[in-house]
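Commentary on secondary and tertiary structure
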Amino acid sequence: MKKSFKQLMLLGVMGLVLAILVACGGDEKIPASGEASSNGETQVLKVAFNQPENHPQYKAMEEFGEKFKELTDGAYEIDIFPNELLGAQRETVELVQTGTIQMSIVAGSLLENFNEDFAVFNLPYVFESAEHQMSVLSDEEIVGDLYSSLKDQGLYVAGAFHSGVRNVYNSKKPINTPEDLKGLKIRIIESDTNIKMMEQMGGTGTPMGQGEVYTAIQSGVIDGGENNELIFANLKHAEISPYYSYTNHLMLPDFLLINSQLFDGMSEEHQQIFKDELAKAIDHEVEMWDEDAKKAIADAEAAGATFNEVDVDLFRKATEPVVQEKLTSENAKKLYEKVREAAK
């Protein structure tokens, strides 16, 4: 049967659109197998990140990407997208689940929504130091099962980064006691634990994406935030919220998530290279963090910020109910005991 002129035109347009999509590459998902293409092509693994390029985690991931590509003979290439270019952290977790992107670095509190036992690592004052934290987060006997527990939801926790110690900052006044936080709206990462923690600390927790914080403080929607010195300085929050108080309330890990189907589909050799090189990158990230934190403090002070110590015991005592409330399951209690035991 002969095709009409309109049919021919429609087929021509469809062909043109298809050609454009192929040429542009689109947002094609990684092959389900996860293994490198047999024709020698490099698989590009997109990594979502919500901080700028000068962040220690970004620099560590760059190093990891270079070594991973080299040691797999170009089978994989890591492409990092900073500054929330691929979306806020919560959104990128969903993108990793579906395989739209392959990896994302996210705050530990977000994983509570997938397995409540992750809340143990997000509790106030659970870690005593960076050394204590990283020894726990890299101990396979403590975290192995937990990191694999999200695989049925499309996620695998490949590793954990140090992300400093979180402290409160605001635009009104220095904070010395929980009473000083009364009436202040403080940006927090979205999680039930964080909301209750900030309430016990005396303030009002306001969940919000990192990219919205500067404008929200500037416009008076919130009064401040709680984060480490790097974020405080690098995202210019010191300019509009200059009072930084060392409450030392959280030492949240940042987890590197990878699509579980992708990771499980890699060869055992590539999986081992991935784990080994990521571990090295994480160790170096801790070293870079200390160096960058000193510079961040100096930069913030130059922008007009002031730093003050607080009576940490007051805040520790105030947040104890949050800790007890979150340790309801036997798994959570056992995990918490292992974490605290590692501090001795």
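Everything below is about the structure printed above this text.
The following refers to the structure shown. (Residues numbered from 1 in each chain as written. Predicted model: local features only at pLDDT ≥ 70, side-chain atom pairs only at ≥ 80, totals over all residues. Heavy atoms only, no water.)

Here the focus is the packing of aromatic side chains. Across all of its chains, the model carries 17 aromatic pairs by this definition. When the centroid spacing of 5.5 Å and the interplanar angle of 75° are considered together, the rings of F118 and F255 count as edge-to-face. With a gap of 137 residues between them, F118 in the loop between strand 3 (103–107) and helix 4 (130–137) and F255 in strand 10 (residues 254–259) connect regions that are remote in the sequence. Exposure remark for F255: the relative accessible area of 0% places this residue in the buried category. Site record: aromatic cluster; members linked through ring pairs are F64, F68, Y76, Y156, F263 and F274. (Phe/Tyr/Trp six-rings, centres within 6.5 Å; stacked < 30°, edge-to-face > 60°. Helix = DSSP H or I, 4+ residues; strand = E, 2+ residues; numbered from the N terminus. Buried < 20%, exposed > 50% of the residue type's maximum accessible area, 1.4 Å probe, protein only.)

Across the sheet, six strands lie side by side as 7-6-8-5-9-11; this open sheet has mixed pairing. Since the sheet does not close on itself, it has two edges, and those belong to strand 7 (204–207) and strand 11 (306–309), each with one partner. On average, adjacent strands in this sheet sit at an angle of 35° to one another, irrespective of strand direction. Sheet topology note: the strand 5 (residues 166–170)/strand 8 (residues 224–227) ladder contains four bridges and is antiparallel. Of the residues in strand 8, the one forming a bridge with N167 is N227. Relative to strand 9 (residues 243–250), helix 6 (residues 192–201) is tilted by about 120°, and along the sheet it contacts strand 5, strand 6 (185–188), strand 7, strand 8 and strand 9. (Pairing = 2+ DSSP bridges. Axes fitted to C-alpha atoms, helices over the stretch in contact; angles between N-to-C directions. Contact = heavy atoms within 4.5 Å.)

What follows is about unusual backbone geometry. Even without being glycine, D73 reaches a positive phi, approximately 55°. Relative to the assigned elements, D73 resides in the loop between helix 2 (56–71) and strand 2 (76–81). With a relative accessible area of 74%, D73 lands in the exposed category. Even without being a glycine, E84 presents a positive backbone phi close to 60°. Here E84 shows up in the loop between strand 2 and helix 3 (89–98).

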